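A structural walkthrough
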Amino acid sequence: MTMIRVAVAGPRGRMGALAVETMITGREFLLVGVLDRKMAESSNMLAGSVPIYTDMLTLVDEAKPDVLVELTSHESVYPNTRDAIMNGIRPVVGTSGLTVDQIGKLSELSREHGIGCILAPNFSIGAVLLMKFAAMAVKYMPDAEIIELHHDGKKEYPSGTASLTARMMAEAAGSQEGGDAPDGRGTDVAGIPVHSVRLPGLVSHQEVLFGGEGQLLSLRHDSFSRQSYMSGMVLAVKEVMNRDCLIDGLDKIIG
Ligand SMILES: NC(=O)C1=CN([C@@H]2O[C@H](COP(=O)(O)OP(=O)(O)OC[C@H]3O[C@@H](n4cnc5c(N)ncnc54)[C@H](OP(=O)(O)O)[C@@H]3O)[C@@H](O)[C@H]2O)C=CC1
Ligand SMILES: O=C(O)C1=N[C@H](C(=O)O)C[C@H](O)C1
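Residues numbered from 1 in each chain as written. Chains lettered and ligands numbered in written order. Predicted model: local features only at pLDDT ≥ 70, side-chain atom pairs only at ≥ 80, totals over all residues. Heavy atoms only, no water.

The chain is annotated in an unreviewed UniProt entry as 4-hydroxy-tetrahydrodipicolinate reductase of Bhargavaea changchunensis. Per its UniProt entry, the chain bears the Subunit (unreviewed entry) comment "Homotetramer." What the UniProt record of the chain gives under Subcellular location (unreviewed entry) is the line "Cytoplasm". (UniProt positions renumbered as here; feature names shortened; annotations may be inferred.)

Here is the structure:
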């Protein structure tokens, strides 16, 4: 069996640490390096044998990964993903915060280089299904708002999941222009108000509410543990090897 050579960016983070564990234990994968801008002073190895790199070019030259699992921050995700594609490494991007414009540029770059890239703002199957159900429901109940609720350590808002959900809903409703959400009531994403809650005790939760005359439809997904993301991540790392362009969302992979 040929193993997929994987590198993880952001290995000290909540998600990155779990991704490292998953890639080390997965029999199909070989974790060949991690990208960490603040290398530990005491060691240049993670788990005793995985090299820690502080820059992408050295990682590319020395570790030769097939895939980069990107789990850093909204500031680093675009340059890391761009540099990976330009160096022939297939990115699997879990990090939130890419703008529509950046996604467009990455898509072009990916096609130009014939390098697969998967953007997966949420790796959990339940959240992906919620997005698909929301896109289905909005055609019949167009008055909708999104509430995303996360742990208080989350820096960015709205969440990547809520942003993709709103974009999928707008596309399904044929209203990609946006700009309809009233000022002061959440963030307008593609015309859909998104409300962001950050509280201790929460992990990751999302509700999409659809209002109609005398009725309310609520679609909700809860991740109680980050383990909920790992099977989707494994799927994306395998799947990106077979792609030659950018895929925006795991929903396009699960069909
Ligand atoms: N797709 C999905 O299913 C999920 C996605 N996420 C997303 O993943 C991202 C990370 O989340 P989480 O792990 O909770 O965040 P954390 O803040 O816990 O971890 C992010 C890590 O990335 C590091 N980092 C930042 N910039 C760089 C860089 N340029 N190179 C290397 N490392 C860097 C940070 O370290 P430092 O700043 O100290 O250098 C930190 O250790 C977020 O955008 C979040 O929304 C989270 C959960 C699920
Ligand atoms: O930061 C998190 O925790 C999460 N981030 C992703 C997002 O921004 O949607 C995915 C999930 O919601 C957890």
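A closer look at the site of ligand 1
The environment of ligand 1 is formed by 24 residues, the closest being Met15, Arg37, Ser96, Phe123 and Lys154. Here an oxygen atom of ligand 1 sits 2.8 Å away from a polar atom, N or O, in the main chain of Met15. Compared with its free state, where it exposes 920 Å², ligand 1 has 87% of that area covered by protein. (Near = heavy atom within 4 Å. Polar contact = N/O pair within 3.5 Å; in protein donor to acceptor, adjacent residues only side chain to side chain. Areas by Shrake-Rupley, 256 points an atom, 1.4 Å probe, with all protein chains shown as cover.)

Quick word on helix α4 (residues 100-113)
For α4, with 14 residues, the first-to-last C-alpha span of 20 Å sits near the 20 Å given by 1.5 Å per residue. Taken residue by residue, α4 has Ile103, Leu106, Leu109 and Ser110 as its buried positions. The buried residues of α4 occupy an angular sector of 125° when projected down its axis, which confines them to one face. In α4, those exposed residues whose orientation departs by more than 90 degrees from the buried face are Val100, Glu108, Arg111 and Glu112. On its buried face, α4 sits against α3 (77-86), β7 (117-119), α6 (160-173) and β13 (246-248). Gly114 sits one or two residues past α4 and shows a positive phi near 65°. (Helix = DSSP H or I, 4+ residues; strand = E, 2+ residues; numbered from the N terminus. Expected span 1.5 Å × (residues − 1). Buried < 20%, exposed > 50% of the residue type's maximum accessible area, 1.4 Å probe, protein only. Arc of directions from axis to C-beta. Contact = heavy atoms within 4.5 Å.)

Side note on the site of ligand 2
Close to ligand 2 lie Ser96, Pro121, Asn122, His150, His151, Lys154, Ser159, Gly160, Thr161, Ser204 and Tyr229, which account for all nearby residues. In the environment of ligand 2, an oxygen atom lies 2.7 Å from a nitrogen or oxygen atom belonging to the side chain of Lys154. In the model, an oxygen atom of ligand 2 is placed 2.9 Å from a nitrogen or oxygen of the Ser204 side chain. In the complex, the protein chains occlude 86% of the 320 Å² of accessible area that ligand 2 would expose alone. Here the shell around ligand 2 is composed, by residue class, of two nonpolar, eight polar and one charged. (Nonpolar A, V, L, I, M, F, W, Y, C, P; charged D, E, K, R; others polar.)

Regarding a positive patch on the surface
Where like charges cluster on the molecular surface, the positive patch consists of Arg14, Arg37, Lys38 and Lys155. If you trace the backbone, Arg14 turns up in helix α1 (residues 14-25). (Patch = residues over 30% accessible without salt bridge, like charges linked within 9 Å, V, L, I, M, F, W, Y side chains within 5 Å. Salt bridge = Lys/Arg side-chain N within 4 Å of Asp/Glu carboxyl O. Lys, Arg positive; Asp, Glu negative; His and termini not counted. Charge placed at Lys NZ, Arg CZ, Asp CG, Glu CD.)

Description of helix α2 (residues 56-63)
Listed in full, the buried residues belonging to α2 are Met56, Leu59, Val60 and Ala63. For α2, the arc enclosing every buried residue in end-on projection is 105°, short of the 170-degree limit, so these residues lie on one face. The outward face of α2, more than 90 degrees from its buried face, is lined by the exposed residues Leu57, Asp61 and Glu62. In this fold, the buried residues of α2 make contact with β1 (4-9), β2 (29-35), β4 (50-53), β5 (67-70) and α3. In this structure Asp55 caps α2, since a side-chain oxygen of it lies 3.3 Å from the backbone nitrogen of Leu57.

Re a nonpolar patch on the surface
A cluster of nonpolar side chains, Ile125, Leu129, Phe133, Met136, Leu235 and Ile254, forms an exposed patch at the surface whose accessible area comes to about 490 Å². The leading source of residues in the nonpolar patch is helix α5 (residues 125-137), at four residues. As for its position among the elements, Met136 is in helix α5.

As for the UniProt feature "binding site: NADP(+)" (unreviewed entry) in the chain
The sites that carry the UniProt feature "binding site: NADP(+)" (unreviewed entry) are, in the present numbering, Arg37. Within the secondary structure, Arg37 sits in the loop between β2 and β3 (45-46). Judged by its relative accessible area of 61%, Arg37 is exposed.

So, the sheet that holds β7
Spatially, eight strands are ordered β3-β4-β2-β1-β5-β6-β7-β13 in an open sheet, and the strand pairing comes out mixed. This sheet does not close on itself; its edge strands, each paired only once, are β3 and β13. Judged from the three bridges that link them, β7 and β13 form a sheet pairing that is parallel. Bridge pairing in β13 places Cys117 opposite Leu246. (Pairing = 2+ DSSP bridges.)

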